[in-house]
Amino acid sequence: MCGLSNDYGNEGGTMHIVMAGTATDGSGSPVTRLERLGHSVTCVTTGAAALEAHQDAELILLDLDLPDIDGLEVCRRIRALTRTPVIAFTDSGTELDRVLGLRAGADDCLDKPYEFRELVARIDAVTRRTRPRETDRESLTVVSIGGLSIDAASREVMVRGRPVDLTRKEFDLLYYLARHSEKVVSRQRLMTEIWEDPRPQELGPRASRTVDTHVSSLRSKLGDRGWIRTVRGVGFRVGHGCS
């Protein structure tokens, strides 16, 4: 991933985006330009793949014209499982299709082709709406454990004075573990609280890999495996570094 572009804003911070279908803009695929803004992008071409990949996403760009499953049905299924923001895309340009997309659970709906600048603006708007409100932020606190400091209001993380750049899900995972530092937190609990999975008792291999992948990424970014410790057969807990 590259640094932030000077041409477009990036108010929502860096995210992991799942792009489902062929949601191209006026100049082709926006993937490269999204990556230049600091985002990581996973591309899938079918509705079935979108339903698999959405657990890892912090934003979903969903083309409603999919080859296997109706895009509206995919949107409904994703919305039934998670509150992850969804921007849907339609080829028709009709008001009816946009309304159907919104009713299926999309947070916004955009006609193709579109301008990349407009897509970025809509991503910023959607992520602003899904952030905690100011009244909610007042209840958020700074959690400090040894040399680790996590500011929930500003969503900033420092390790021994060094700033650490995390994705949204990585921050949410670390903050949750830190707020429950006296406990060992199971993968099932993390899937419920961080990924909003309503069926954690049915945790499958992909969901387990989702948690493990984010924990591995966090350990790498924090610079010490000791900040997140694995309790074999149970789950994870925050440590004090120096593994």
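Keep in mind it's a predicted model, so treat the numbers as computed, not measured.

## Examining the packing of aromatic side chains
Okay, so step 1: Applying the stated criterion to the full structure yields two aromatic pairs.
Okay, so step 2: A cation over a ring is seen here: R33 above F116, with NZ or CZ 4.7 Å from the ring centre.

## Comments concerning the state of the cysteines
Throughout this description, disulfide means a covalent bond between two cysteine sulfur atoms.
Okay, so step 1: As enumerated under the stated definition, the model contains zero disulfides in all.
Okay, so step 2: For the unlinked cysteine C75, the closest cysteine sulfur is that of C109, found at 8.5 Å.
Okay, so step 3: Under the relative-accessibility criterion, C75 is labelled buried at 1%.
Okay, so step 4: Overall, C109 belongs to the buried group, its relative accessible area being 7%.

## Remarks on the sheet that holds strand β5 (residues 108-111)
Either a parallel or an antiparallel arrangement is found when strands of a sheet pair, and the pairing is made through backbone hydrogen bonds.
Okay, so step 1: Pairing is parallel across the open sheet formed by five strands, whose spatial order is β2-β1-β3-β4-β5. Strand pairing shows two members of the sheet lacking a second neighbour, β2 (40-44) and β5, which therefore form its edges. On average, each strand axis in the sheet is tilted by 20° relative to the strand beside it, whichever way the strands run.
Okay, so step 2: Pairing of strand β3 (residues 59-63) with strand β4 (residues 86-90) involves four bridges; the strand directions are parallel. In the sheet register, D63 faces β4, and the bridge partner there is F89.
Okay, so step 3: Sitting on the sheet, helix α3 (residues 71-81) is in contact with β3 and β4, with an inclination near 160° to β3.
Okay, so step 4: The sheet strands contacting helix α4 (residues 95-103) are β4 and β5, and the helix crosses β5 at an angle near 150°.

## Some words on the nonpolar core
Okay, so step 1: Counting residues in hydrophobic clusters, the biggest one holds 29 residues, and the most contacted among them are L148, I150, V157, L174, L177, L190 and L222.
Okay, so step 2: Of all the secondary structure elements, the ones that give two or more residues to this core are β6 (142-145), β7 (148-151), β8 (156-159), α7 (168-179), α8 (187-193), α9 (205-222) and β11 (235-238).
Okay, so step 3: The biggest single contributor to this core is α7, with seven residues.
Okay, so step 4: The contacts of L148, once residues within four sequence positions are left out, are V143, V157, M158, V159, L174, L222 and W227.
Okay, so step 5: Counting residues in hydrophobic clusters, the runner-up holds 21 residues, among them A20, I69, L72 and V74.

## Details of the pattern of salt bridges
Okay, so step 1: Overall, the coordinates contain twelve salt bridges when judged by the stated rule.
Okay, so step 2: The partner of K112 in a salt bridge is D63, and the shortest N-O contact between them spans 2.6 Å. With a gap of 49 residues between them, K112 in the loop between β5 and α5 (116-130) and D63 in strand β3 connect regions that are remote in the sequence. Both residues of the pair, K112 and D63, belong to the buried class.
Okay, so step 3: For the salt bridge of D212 with R187, the shortest nitrogen-to-oxygen distance reads 2.9 Å. With a gap of 25 residues between them, D212 in helix α9 and R187 in helix α8 connect regions that are remote in the sequence.
Okay, so step 4: A relative accessible area of 22% places R187 in the partly exposed class.
Okay, so step 5: Overlapping salt bridges, with partners in common, bring together D63, D91 and K112 in one network.

## Some remarks on the sheet that holds β7
Okay, so step 1: With antiparallel pairing, four strands are arranged side by side in an open sheet as β6-β7-β8-β9. One side of each edge strand has no neighbouring strand; the edge strands of this open sheet are β6 and β9 (162-164). The sheet shows a mean angle of 20° between the axes of neighbouring strands, direction not considered.
Okay, so step 2: When β7 meets β8, the two strands line up antiparallel, connected through four bridges. If you follow I150 over to β8, its bridge partner there is V157.
Okay, so step 3: The sheet strands contacting α7 are β6, β7 and β8, and the helix crosses β7 at an angle near 110°.

## Here's the deal with the side chain of T127
Okay, so step 1: As for its placement among the helices and strands, T127 is situated in helix α5.
Okay, so step 2: Only 2.9 Å separates the side chain of T127 from the backbone oxygen of I123, close enough to count as a polar contact.

Rules used in this analysis
Residues numbered from 1 in each chain as written. Predicted model: local features only at pLDDT ≥ 70, side-chain atom pairs only at ≥ 80, totals over all residues. Heavy atoms only, no water. Phe/Tyr/Trp six-rings, centres within 6.5 Å; stacked < 30°, edge-to-face > 60°. Lys NZ or Arg CZ within 6 Å of the ring centre and 35° of its normal. Disulfide = S-S within 2.5 Å. Buried < 20%, exposed > 50% of the residue type's maximum accessible area, 1.4 Å probe, protein only. Pairing = 2+ DSSP bridges. Helix = DSSP H or I, 4+ residues; strand = E, 2+ residues; numbered from the N terminus. Axes fitted to C-alpha atoms, helices over the stretch in contact; angles between N-to-C directions. Contact = heavy atoms within 4.5 Å. Core = buried A, V, L, I, M, F, W, Y, C linked by side-chain atoms within 4.5 Å. Salt bridge = Lys/Arg side-chain N within 4 Å of Asp/Glu carboxyl O. Polar contact = N/O pair within 3.5 Å; in protein donor to acceptor, adjacent residues only side chain to side chain.

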